[in-house]
Each structure stands twice: as structure tokens, then as C-alpha cells.
Amino acid sequence: FFPNSNLCFSIISLLLHDGVHDVTWAYISLDCTVLEWNGYRAQVVPTKYVFLNGTTIQTNQFSVTEHLRHVNPGGGRGLPGVFFFYEISPLHVEIVEEYQRGWVHFFTSVCAVVGGVVTLMGVLDQFLHSRNTAGSAQLVR
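Computed from a predicted model, the values in this text were never measured in an experiment. Starting from 1, residues in each chain are numbered consecutively following that chain's sequence as written. Selection of residues for local features in this predicted model requires a pLDDT of at least 70, selection of side-chain atom pairs for listing and counting requires 80 or more, and totals for whole chains, interfaces and linings are taken over all residues. Remark: hydrogens and water are excluded; side-chain values derive from all non-hydrogen atoms of the structure.

**Student:** Honestly, the overall build of the protein chain in this entry has me stumped. Any pointers?
**Tutor:** Helix and strand definitions here come from DSSP, where helices need a minimum of 4 consecutive H or I residues and strands a minimum of 2 consecutive E residues; each element is numbered from the N-terminal end. If you tally the helices and strands in the protein chain, you get one helix and eight strands. For the protein chain, the proportion of contacts with a sequence separation of at least 24, taken over those separated by at least 6, is 62%. Exposure was quantified through the Shrake-Rupley algorithm and a 1.4 Å probe, taking into account, for residues, occlusion by the shown protein chains and nothing else. Total accessible area on the protein chain is roughly 11,100 Å²; 60% of this is exposed by carbon and sulfur atoms. When checking whether two residues touch, look at their non-hydrogen atoms; a contact exists if any pair is within 4.5 Å.

The structure is reproduced here in C-alpha cells:
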């Protein structure tokens, strides 16, 4: 079966269009002298952009990978050929523009973090001090 098979192919371009961007795979071709299993996987993640003025754009992000495996006749590793897998992610990405916050917000956030760390260290110090005092009181008895 394999030696008599002609698996030559060439794809000039494969275009995925999401309404905003065009994604084109480059020229794909298979060497006819080598028996290969070629798998092309396109993963699509639905994406929503929300701008400051309230405009939204529904689009997709694409990820394309190529898998290549040499197939020996009778090797049990599959048939030579070209396979395309198209996967749509069940999750979506939402990108929202926000107003840039000023230095006052940054300074307030830093003070909140520093105050939280100081409070936590004070509680930890009080716990360790009371534990140490209770341990030394038992030694005196």
C-alpha cells in the first residue's frame, strides 16, 4: 500500500478570518519521497476587546502548531497523510481598557501593603513572645 501511494500535496495558503485580522499559514508542501504524518493544529480562543468609549470588538486569537512524524510501512504508527485539527477553546479572553490611575492611588496601595505587613508581623511577634513567656514560666516552677 505505502510504496505505491502518491501523497504529494501543496497548500499555497490557508486563511483564517475573524472579522478583524487575517491569519495566513505559509506555503505548506510535502516531500513525495518521504512517508510522513503531518498534523496541523489550529487552536482558537474567542476574545473580546472593550474600549474606553464602550466600543466592543469580538475577535479570536489563533495558535498554530505543526506536528511531523515519519511513518514506516508496517510500523504501526499510523498512515501517512495530512491532517488538520481545529479546536475552539471553551474559555474566552476579555480585554478591558481602563483609565490610568494616578500617583495617589499607587501611594495608597503601597501604604496599605506596608501597613498589612507591619500588622501581621506584630501579631506574629506577640504570639511568639507569649509562647516564649509561657514556656519560661513552666521552667521556673
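What follows continues from the structure just given.
**Student:** Mind showing me how you'd approach a nonpolar patch on the surface here?
**Tutor:** On the surface, a cluster of nonpolar side chains totalling about 580 Å² of accessible area is made up of V113, V117, M121, L124, F127 and L128. In this structure, F127 sits in helix α1 (residues 103-140). A patch is a set of surface residues, each over 30% in relative accessible area and not in a salt bridge, joined within 9 Å for like charges and within 5 Å for the nonpolar side chains Val, Leu, Ile, Met, Phe, Trp and Tyr. Only one rule defines a salt bridge in this text: a Lys or Arg side-chain nitrogen within 4 Å of an Asp or Glu carboxyl oxygen.

**Student:** For this particular structure, what's the right way to read the pattern of salt bridges?
**Tutor:** Side chains that differ in charge, positive against negative, can pair when their charged atoms come close. Summed over all chains, the structure comprises one salt bridge. Of the charged contacts in the structure, one is a salt bridge between E87 and R41, with a shortest N-O distance of 3.7 Å. Taken together, the residues span a long stretch of sequence, with E87 in strand β7 (residues 81-88) and R41 in strand β5 (residues 36-50) at a distance of 46 residues. Summary of the burial criterion: residues with accessible area below 20% of their type's maximum are buried, those above 50% are exposed, and those between are partly exposed, where the area comes from a 1.4 Å probe applied to protein chains only. When its relative accessible area of 28% is taken as the criterion, R41 is described as partly exposed.

**Student:** Whenever I open this one, the packing of aromatic side chains confuses me. Can you help?
**Tutor:** Two aromatic rings are characterised by how far apart their centres lie and by the angle between their planes. What counts as a ring pair is set by centres within 6.5 Å for rings of Phe, Tyr and Trp (its six-membered ring), and what kind of pair is set by the plane angle: stacked under 30 degrees, edge-to-face over 60, tilted for all other angles. For the structure shown, the criterion picks out two aromatic pairs. Each ring, one from Y49 and one from F51, has its centre 6.5 Å from the other, and the planes form 15°; the classification is stacked. Seen in terms of ring centroids, W103 and F106 are 6.0 Å apart; in terms of plane orientation they differ by 85°. Their pairing is edge-to-face. Placement of both W103 and F106 in helix α1 is noted, with a separation of three residues, approximately one turn of the helix. Assessed through its relative accessible area of 72%, W103 is described here as exposed. Consider the ring centre and the ring normal. A charge sits over the ring if Lys NZ or Arg CZ is within 6 Å of that centre and within 35 degrees of that normal. The ring of F85 has R41 lying over it, and the distance from NZ or CZ to the ring centre is 5.1 Å.

**Student:** In this structure, what is going on with the environment of V96? I would like to understand it.
**Tutor:** Along the chain, V96 turns up in strand β8 (residues 93-96). Taking the relative accessible area as the measure of exposure, V96 reaches 44% and is therefore partly exposed. Residues V96 and K48, 48 residues apart in the sequence, show an inter-C-alpha distance of 8.3 Å.

**Student:** How should I be thinking about the side chain of T47 in this particular structure?
**Tutor:** In this fold, T47 is placed in strand β5. Here V45 takes part through its backbone oxygen, which lies 3.2 Å from a polar atom of the side chain of T47. For T47, the residues in contact, after removing those within four places along its chain, are I57, Q58, T59, N60, Q61, V93 and I95. Side-chain atoms alone can form a polar contact between residues adjacent in sequence; in general such a contact is a pair of N or O atoms within 3.5 Å, and within protein one must be able to donate a hydrogen while the other accepts it.

**Student:** I keep staring at the confidence of the model for the protein chain and nothing clicks. Help me out?
**Tutor:** Any residue range with low pLDDT should be treated as having predicted coordinates unsuitable for detailed reading. Of all residues in the protein chain, 66% attain a pLDDT of 70 or more, and the chain-wide mean is 78. The predictor attaches a confidence to each residue, called pLDDT, with possible values from 0 through 100. Between the elements of the protein chain, mean pLDDT differs from a low of 58, seen in strand β4 (residues 28-29), to a high of 90, seen in β8.

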